[in-house]
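Observations on the model geometry
Each chain, letter by letter, is given below.
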Amino acid sequence: MMRWLVLALAACGDNAASPIDAASVDAALVDSTHAVLCDAVFGGNFSLSEQLPADCAMLSNGSGGTTLSIDVAAPPIGSDVAIQIVLGQPSPGAYSSETVTQWTATSTQVMSGASRCYYVAGADSTPPGTFAMTLSAVGSATAHGRLSLELAVLAEAGTNCGSDNLESLQLEF
């Protein structure tokens, strides 16, 4: 009888997966031996593939919830594309410009003289642009996923910003 009791107790368990620790996700994302690099690919008025540091997608908490911030270097225009997406309480899954109410992506290219080209997208921009994002891992300070972003290219009067009025950015982070 004692053997059956031991076997019955050994077979018990809840088979529940252990929760993912946000700190371990953060460490895995920025660990130099297992680094998930941020890969950016631009298309439109310029084409560029850029590798960024593994911690390019940072999370911070504010009054509107958690914000995902990414600065993507864009040497052809001489400035970074600054991306801010307010996620509320982020979790792995799909996000888009249709489901997120607060987001922006901006950059300014200074041309010869004082003229400028503006790369803009966001909930309050005209035109608004679009984004689609899938988060596959969310830590306390970093995130991992894919982002597809479309920015409008706006020119000041008399400024030639290129033949396309849209710039696309594909980012794996």
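Residues numbered from 1 in each chain as written. Predicted model: local features only at pLDDT ≥ 70, side-chain atom pairs only at ≥ 80, totals over all residues. Heavy atoms only, no water.

A few words now on the overall build of the chain. Each helix and strand counted, the chain has two helices and 11 strands in total. Ordering the α and β elements of the chain from the N terminus gives α-α-β-β-β-β-β-β-β-β-β-β-β. Counting all 173 residues of the chain, 36% fall into the buried class. Within the chain, residue pairs in contact and separated by at least 24 positions form 55% of the contacts whose partners lie at least 6 positions apart. About 9800 Å² of surface is accessible on the chain, with carbon and sulfur atoms providing 55% of the total. (Helix = DSSP H or I, 4+ residues; strand = E, 2+ residues; numbered from the N terminus. Buried < 20%, exposed > 50% of the residue type's maximum accessible area, 1.4 Å probe, protein only. Contact = heavy atoms within 4.5 Å. Areas by Shrake-Rupley, 256 points an atom, 1.4 Å probe, with all protein chains shown as cover.)

This paragraph deals with the confidence of the model for the chain. Of all residues in the chain, 79% attain a pLDDT of 70 or more, and the chain-wide mean is 84. Here helix α1 (residues 2-11) is the element of the chain with the lowest mean pLDDT, 36, and strand β6 (residues 93-96) is the one with the highest, 98. Low pLDDT, under 50, characterises residues 1-23; the predicted model gives this stretch three contacts beyond four residues in sequence or across chains. Note on residues 29-34: pLDDT is under 50 here. Beyond four places in sequence and across chains, it has 10 contacts. (pLDDT = per-residue confidence, 0-100.)

One finds Ile70, Val72, Ile83, Met133, Leu147, Leu149 and Phe173 to be the most contacted residues of the largest nonpolar core, which totals 38 residues. Per element, the largest residue contribution to this core is five residues, and it comes from strand β10 (residues 143-155). (Core = buried A, V, L, I, M, F, W, Y, C linked by side-chain atoms within 4.5 Å.)

This next bit is on the side chain of Ser79. Secondary-structure assignment places Ser79 in strand β5 (residues 79-88). Within polar-contact distance, the side chain of Ser79 engages the backbone oxygen of Thr108 at 2.9 Å. Apart from the residues within four sequence positions on either side, Ser79 is in contact with Val72, Ala73, Ala74, Ser107 and Thr108. (Polar contact = N/O pair within 3.5 Å; in protein donor to acceptor, adjacent residues only side chain to side chain.)

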